[in-house]
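# Descriptive structure summary
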Amino acid sequence: MTANGQFVNAIDTLNKLAKEEGYQGAKDWAYNASKRGIITIDESMEISRYVDLRNTMCHGNFDLVSVTEREVARVNQYINILTNGRIKEPIRVPVQAGAQRQAPVHIGTISSEPLLPIATRNVRLKFNGQTVCLADIKCTCCDWGDEQGWPSLEVVYMSGEIKTIHYNENARDLDGDTPEAYCKQYSLFYKENGEYFCDLLGATRQMLQSDITRAYEKCDKSAIYLDSLIVNAQNISSIKADGTYIAVSLINGEVLETEYTKDSCDHDGHGADDYVKEYSLYTKDGLAIYPNYDEACLLMAKYDYEHAMKLYKKYQRRK
């Protein structure tokens, strides 16, 4: 087997083992492992790059990328670390397969102020055929890919109910357009064995980005948008950023987190590729040049965090 094939298999094994330990994947494990001192922050970022590279290879660019035995050996080292140095109690326990998580609620720190919906207007939208009233929502968040790669939207209602809306090859956006239409509009194709195919996974993620961005435009001026996490600024007690992670603490003690990835977009609707082009974020490996999505995601998260803090402080002054 070539080094490329060994590399993909090794990353798949790392992802599988991480999920068996209760994490969302290799990136999630690496983040926690760096927090616990099992690996360094640089090693955590290396794992993130390797996972992104694996995804790039498996979306029509397998023959355009050339990895070495060194990369394969590094991934195998991380597999050994995960296997022999497991973190028994993950710091962040996912609530569902999305970016929204719960944090422990401490007695005495919960505010008596009621949470407000993310939108005050009585706007009803149909996300992939399912009707949602924005005035009844506490927050929204997205999962950019399950085990098959299909994304989903999570809608958290004021009542605590969570509705998960899945996007796949049969999905329709707010206008009724199909993933095939998105492939043509955004040139989302890949080449395999000399033939071109529609990148339906990429198309559904683009579709979900479009839908959630348009939903955000319907919200009132108190809504904050962070990588498809929409929350009312008046419900927030603090916002913290850590690299590509942003954590939003609500006045009722809940903590909402989101991680910026290659599939994310900022509150202006700009994605990772836009940041790569605007800031010339590329890395070179031998003769091959790759987009540096790690740096793009860091800049995107920083940009959204600064925007969110301005809006949050604005509403803090009103209290």
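Before going into details, it helps to say that this report is about the structure given with it. (Residues numbered from 1 in each chain as written. Predicted model: local features only at pLDDT ≥ 70, side-chain atom pairs only at ≥ 80, totals over all residues. Heavy atoms only, no water.)

## Some remarks on unusual backbone geometry
Defined as follows: By definition, any uninterrupted DSSP run of H or I lasting at least four residues is a helix, any uninterrupted run of E lasting at least two residues is a strand, and each is numbered from the N terminus. Between buried and exposed lies partly exposed: a residue is buried under 20% and exposed over 50% of the maximum accessible area for its type, with that area taken using a 1.4 Å probe on protein chains only.
For asparagine 128, which is not glycine, the phi dihedral falls at a positive 50°. Here asparagine 128 shows up in the loop between strand S1 (124-127) and strand S2 (130-133). Classification of asparagine 128 as partly exposed rests on a relative accessible area of 22%. Backbone geometry at serine 228 places phi at a positive 75°, although glycine is not the residue there. One can find serine 228 in the loop between strand S8 (223-226) and strand S9 (229-232). Residue classification places serine 228 among the buried positions, given a relative accessible area of 0%.

## Observations regarding the sheet that holds strand S10 (residues 236-242)
Backbone-to-backbone hydrogen bonds join strands into a sheet, with any given pair of strands oriented parallel or antiparallel. Heads up, the rule is: At least two DSSP bridges between two strands are required for those strands to pair. A fitted line through C-alpha atoms serves as each axis, taken over the contacting stretch for helices, and the angle formed by two N-to-C directions is quoted from 0 to 180°.
The three strands are arranged S10-S11-S12 in an open sheet whose pairing can be described as antiparallel. Two strands close off the open sheet at either side, each with one partner strand: S10 and strand S12 (255-259). Across the sheet, the mean angle separating the axes of adjacent strands is 15° when strand polarity is ignored. Of the pairings in the sheet, the one linking strand S11 (residues 245-250) to S12 comprises five bridges and is antiparallel in character. Note on S12: the bridge partner recorded for isoleucine 246 is threonine 258.

## Re the nonpolar core
We count it as follows: The nonpolar core is taken to be a set of buried Ala, Val, Leu, Ile, Met, Phe, Trp, Tyr and Cys residues, with the residues joined through side-chain atoms within 4.5 Å. A contact between two residues is defined here by any heavy atoms of the two lying within 4.5 Å.
Ile224, Leu226, Val231, Ile236, Ile239 and Val248 are the most contacted members of the largest nonpolar core, which totals 31 residues. With ten residues, the top contributor of residues to this core is helix H8 (residues 293-318). With near-sequence residues (within four places) excluded, isoleucine 239 lies in contact with Ile224, Ile246, Ala247, Val248, Tyr305, Ala308, Met309 and Tyr312. In terms of nonpolar packing, the next biggest core, distinct from the first, is built from 30 residues, Ala119, Leu125, Leu208 and Tyr225 among them.

## Description of the packing of aromatic side chains
This is how it is decided: Whether two aromatic rings pair depends on their centres lying within 6.5 Å, for rings of Phe, Tyr and Trp, where Trp uses its six-membered ring; planes under 30 degrees apart make the pair stacked, over 60 edge-to-face, and the rest tilted.
Taken as a whole, this structure holds five aromatic pairs when the rule is applied. An angle of 35° between the planes, with centres 4.0 Å apart, marks the rings of tyrosine 31 and tyrosine 245 as tilted. With tyrosine 31 in helix H2 (residues 26-35) and tyrosine 245 in strand S11, this pair connects stretches of sequence that are 214 residues apart. What makes tyrosine 31 buried here is its relative accessible area of 15%.

## Observations regarding helix H7 (residues 272-279)
Spelled out, the test is: For this quantity, the arc is that covered by the directions from the helix axis to the C-beta atoms.
Inspection of H7 places Ala272, Tyr275 and Val276 among the buried residues, and these make up the whole buried set. Taken around the axis of H7, the buried residues stretch over an arc of 100°, which confines them to a single face. Exposed side of H7, more than 90 degrees from the buried face: Lys277 and Glu278 are the residues found there. Note on H7: the residue one or two positions beyond its end, serine 280, has a positive phi of about 50°.

## Quick notes on the pairing of S1
Of the two faces of S1, the one lined by Leu125 and Phe127 is fully buried and the one lined by Arg124 and Lys126 carries no buried residue. Strand direction decides the pairing type here: S1 and S2, joined by four bridges, are antiparallel. When the sheet's bridge partners are listed, phenylalanine 127 is paired in S2 with glutamine 130. The antiparallel pairing of S1 with S2 creates a hairpin that spans two residues between the two strands, and asparagine 128 there sits at a positive phi of about 50°.

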